[in-house]
Amino acid sequence: MKKLLTVSLLILSVICFGQILKLRTTYYTYRINQNNVWSNWESWRKASVLISVNISDERIVIDSNTTQTYDILDGFFDNKSRIGKYYCMDANGRRCIIEIVNENRKLYVRYNDWEHVYEFFVIK
């Protein structure tokens with residue numbers, strides 16, 4: 001509960017004061033959508049990837065093997081559910097939704113044809 005509160009307060013301060021939120025992933029998984037049918041989630045895999053959320057610059061960067069840069073077009077942080085939901089566009093012009101869920105410390109990158117989920121902790 002204490003970690004949940006800490007993560008929530010850090011994300012709230014990023015939104016309110018325009019700071020950069022830095023996350024480090026521990027695991028990730030993904031699934032794909034073929035012919036409107038979602039596959040099962042793949043097994044969780046270890047991954048130590050830096051994620052930077054910069055609300056004032058309207059950008060989210062996932063520094064994986066191939067750097068993924070997302071421009072935030074719109075979004076919000078719901079204090080009650082403690083979920084940040086951001087409508088984004090990637091470097092190729094594709095639209096997606098990125099959600100940061102504080103309760104279980106997961107970041108979702110959602111496209112129409114695939115989804116990634118990263119489990120993370122906050123870097124202070």
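Below is a short write-up of the structure. (Residues numbered from 1 in each chain as written. Predicted model: local features only at pLDDT ≥ 70, side-chain atom pairs only at ≥ 80, totals over all residues. Heavy atoms only, no water.)

To continue, consider the overall build of the chain. In terms of helices and strands, the chain carries one helix and ten strands. Along the chain, from the amino end to the carboxyl end, the secondary structure elements read α-β-β-β-β-β-β-β-β-β-β. Relative to its 124 residues, the chain shows a buried fraction of 35%. Here the contacts in the chain between residues at least 6 apart in sequence split such that 41% fall between residues at least 24 apart. Carbon and sulfur atoms make up 48% of the accessible area of the chain, which totals about 7,700 Å². (Helix = DSSP H or I, 4+ residues; strand = E, 2+ residues; numbered from the N terminus. Buried < 20%, exposed > 50% of the residue type's maximum accessible area, 1.4 Å probe, protein only. Contact = heavy atoms within 4.5 Å. Areas by Shrake-Rupley, 256 points an atom, 1.4 Å probe, with all protein chains shown as cover.)

What follows deals with the nonpolar core. Generally speaking, soluble globular proteins have nonpolar side chains that are buried together. The biggest cluster of nonpolar side chains holds 22 residues, and the ones touching the most others in it are Ile60, Tyr70, Leu107 and Val109. Mapped by element, the contributors of at least two residues to this core are strand E1 (20–34), strand E4 (50–54), strand E5 (59–63), strand E6 (67–78), strand E7 (83–90), strand E8 (95–101), strand E9 (106–110) and strand E10 (114–123). Apart from the residues within four sequence positions on either side, Val109 is in contact with Ile62, Tyr70, Cys96, Ile97, Ile98, Trp114, Glu115, His116 and Tyr118. (Core = buried A, V, L, I, M, F, W, Y, C linked by side-chain atoms within 4.5 Å.)

A few words now on unusual backbone geometry. Excluding glycine, residues mostly have negative phi values, and the peptide bonds linking residues are mostly trans. For Asn35, which is not a glycine, the phi torsion comes out positive at approximately 55°. On the secondary structure map, Asn35 appears in the loop between E1 and strand E2 (37–38). Here Arg105, not a glycine, exhibits a phi torsion of approximately 50°, which is positive. Tracing the backbone shows Arg105 in the loop between E8 and E9.

The values are spatial; any link to function lies outside them.
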